[in-house]
Amino acid sequence: MYLIIDGKKLAASMREDIAARAASAAEKNGRRPCLAVIKVGSDPASQTYVKNKEKACAACSIESLKYELPETTSEDELLALIASLNGDSRVDGILCQLPLPKHIDEGRITDAISPEKDVDGFSPVSLGKLLSGKDSFLPCTPAGIIKLLKSAATPIAGKHCVIIGRSSIVGKPSALLMLRENATVTVCHSRTEHLADEVRRADIVIAAVGKAKFVTADMIKDGATVIDVGINRDESGRLCGDVDFENVAPKCRAITPVPGGVGPMTVTMLMENTLKAFEMHCKKQ
Ligand code: GUN
């Protein structure tokens, strides 16, 4: 029998703990932690994600400021908003929802967010610290994946982890975090030869491809643990992950569902990072 790793339940219990720590830190410092969320344009998925982030802030006793800018916003206008939030002492964390409209250079925007307020962990400073083993804001999805694996008592050290996908948001930072946990790591991507053979060797599979049901039962070693980062729609329009859950799950030791796996943990780690930014900010003042 396989274990379904319940991200919703883990996230709910972590949010209770964050809320209690945020409330006590607020009492001590005379104000609540504050997260500024910027959304440019009207991408429907981004709209849902931003709403989820606002809800999570409310549940965690964290103040949220929302900036909804039109699709026509220029890069300079967005940079000016970020500069003003960087300088605003009431703001602890800044998040600019991706993707941005094509005329805006995402790299320039993530670079512009002050490293002290980079609760997404996407800035070159945060990623550099992660690479060199220093304390930093960890990218939220990879950090959530580690929590999920540990919640399911998954052996990591010395085990073979295969990550499918090499994005800067999930694949690459997940590889660094799994290395930090002493896993042996393989990163597969669109140019990988014999991808199914690589995945079949994995004790832990992290699927972050962005293709519905890409990971099939024949690619999974018996007893593997599978983390599904994908959020896709199947042929009948139903929400599904990158893993063919129905057929893969019976071969697994443990597996995350979609929805209710990685998603709620990503938002929860954002709350954890915002509280950390607040605590660092208050210590400096
Ligand atoms: N778009 C998809 N995931 C994320 C995320 O974790 N942070 C931001 N800023 N944008 C995203």
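This text gives an overview of the structure that appears in the document. (Residues numbered from 1 in each chain as written. Predicted model: local features only at pLDDT ≥ 70, side-chain atom pairs only at ≥ 80, totals over all residues. Heavy atoms only, no water.)

Any two packed helices are characterised by the angle at which their axes cross and by the distance between the axes. Closest axis-to-axis distance for the helix 6 (residues 140–151)/helix 10 (residues 262–284) pair is 8 Å, and the angle between their directions is 110°. In this view, helix 6 runs roughly perpendicular relative to helix 10, as classed from their interaxial angle. Every pair of crossing elements has a handedness; the one defined by helix 6 and helix 10 is right-handed. Contacts between helix 6 and helix 10 involve Cys140, Thr141, Ala143, Gly144, Lys147 and Leu148 from the former and Val262, Met265, Thr266, Met269, Leu270 and Asn273 from the latter. Of the residues contributing to the contact of helix 6 with helix 10, the split by class is seven nonpolar, four polar and one charged. (Axes fitted to C-alpha atoms, helices over the stretch in contact; angles between N-to-C directions. Helix = DSSP H or I, 4+ residues; strand = E, 2+ residues; numbered from the N terminus. Parallel < 35°, antiparallel > 145°, perpendicular 65-115°, else oblique. Left-handed = near helix turned anticlockwise from the far one by under 90°. Contact = heavy atoms within 4.5 Å. Nonpolar A, V, L, I, M, F, W, Y, C, P; charged D, E, K, R; others polar.)

Glancing now at the site of the ligand. For the ligand, the full set of nearby residues is Lys53, Leu95, Cys96, Gln97, Leu98, Asp120 and Phe122. Side-chain polar atom of Gln97 to a nitrogen atom of the ligand: 3.3 Å apart, as the coordinates give it. For the ligand, whose unbound accessible area comes to 280 Å², protein coverage reaches 82%. Counted by class, the shell around the ligand contains four nonpolar, one polar and two charged residues. (Near = heavy atom within 4 Å. Polar contact = N/O pair within 3.5 Å; in protein donor to acceptor, adjacent residues only side chain to side chain. Areas by Shrake-Rupley, 256 points an atom, 1.4 Å probe, with all protein chains shown as cover.)

Burial runs high along strand 5 (residues 160–164): five of the five residues are buried. The two faces of strand 5 match: His160, Val162 and Ile164 on one face and Cys161 and Ile163 on the other face are all buried. Handedness of the strand 5-helix 7 (residues 171–180)-strand 6 (residues 184–188) crossover: right-handed. Bridge count for strand 5 against strand 7 (residues 204–207) is four bridges, and the pairing is parallel. Considered in strand 7, the bridge of Val162 is made with Val205. (Buried < 20%, exposed > 50% of the residue type's maximum accessible area, 1.4 Å probe, protein only. Right-handed = clockwise from strand over helix to strand, strands pointing away. Pairing = 2+ DSSP bridges.)

This part is about the pairing of strand 7. Both faces of strand 7 are covered, namely the face carrying Ile204 and Ile206 and the face carrying Val205 and Ala207. Pairing of strand 7 with strand 8 (residues 224–228), which is carried by four bridges, proceeds in the parallel orientation. The partner of Ala207 across the bridge, within strand 8, is Asp228.

This part is about the nonpolar core. Counting residues in hydrophobic clusters, the biggest one holds 49 residues, and the most contacted among them are Leu35, Met178, Ile206, Ile227, Val229 and Met271. If you list the elements that add at least two residues to this core, you get helix 1 (7–29), strand 2 (34–40), helix 2 (44–59), helix 6, strand 5, helix 7, strand 7 and helix 10. Broken down by element, this core gets its largest block of residues, ten residues, from helix 10. Every residue in contact with Ile206, bar those within four places of it in the chain, is listed here: Ile145, Cys161, Val162, Ile163, Ile164, Ser174, Met178, Ile227 and Val229. (Core = buried A, V, L, I, M, F, W, Y, C linked by side-chain atoms within 4.5 Å.)

So, on to the environment of Lys129. One can find Lys129 in helix 5 (residues 124–131). Separated by 98 residues in the primary sequence, Lys129 and Arg31 place their C-alpha atoms 29 Å from one another. Among all residues touching Lys129, those that are not within four sequence positions of it are Lys134, Asp135 and Ser136.

Strand pairing within a sheet occurs via backbone hydrogen bonds; the two strands may be parallel or antiparallel. Taken together, six strands build an open sheet; the order of strands is 1-11-8-7-5-6 and the sheet is parallel. Sheet topology places strand 1 (3–4) and strand 6 at the edges, where each strand pairs with a single neighbour. Across three bridges, strand 8 lies against strand 11 (residues 252–255) in parallel orientation. By the bridge assignment for strand 11, Thr225 is matched with Ala254.

This brings us to helix 3 (residues 75–86). Over its twelve residues, helix 3 extends 16 Å from the first C-alpha to the last, a length consistent with the 16 Å expected when each residue adds 1.5 Å. Of the residues making up helix 3, those classed as buried are Glu75, Leu78, Leu79, Leu81, Ile82 and Leu85. End-on, the buried residues of helix 3 take up no more than an arc of 160°, which puts them together on one face. Next to the buried residues of helix 3 lie strand 2, strand 3 (63–69), strand 4 (93–96) and helix 4 (106–112). (Expected span 1.5 Å × (residues − 1). Arc of directions from axis to C-beta.)

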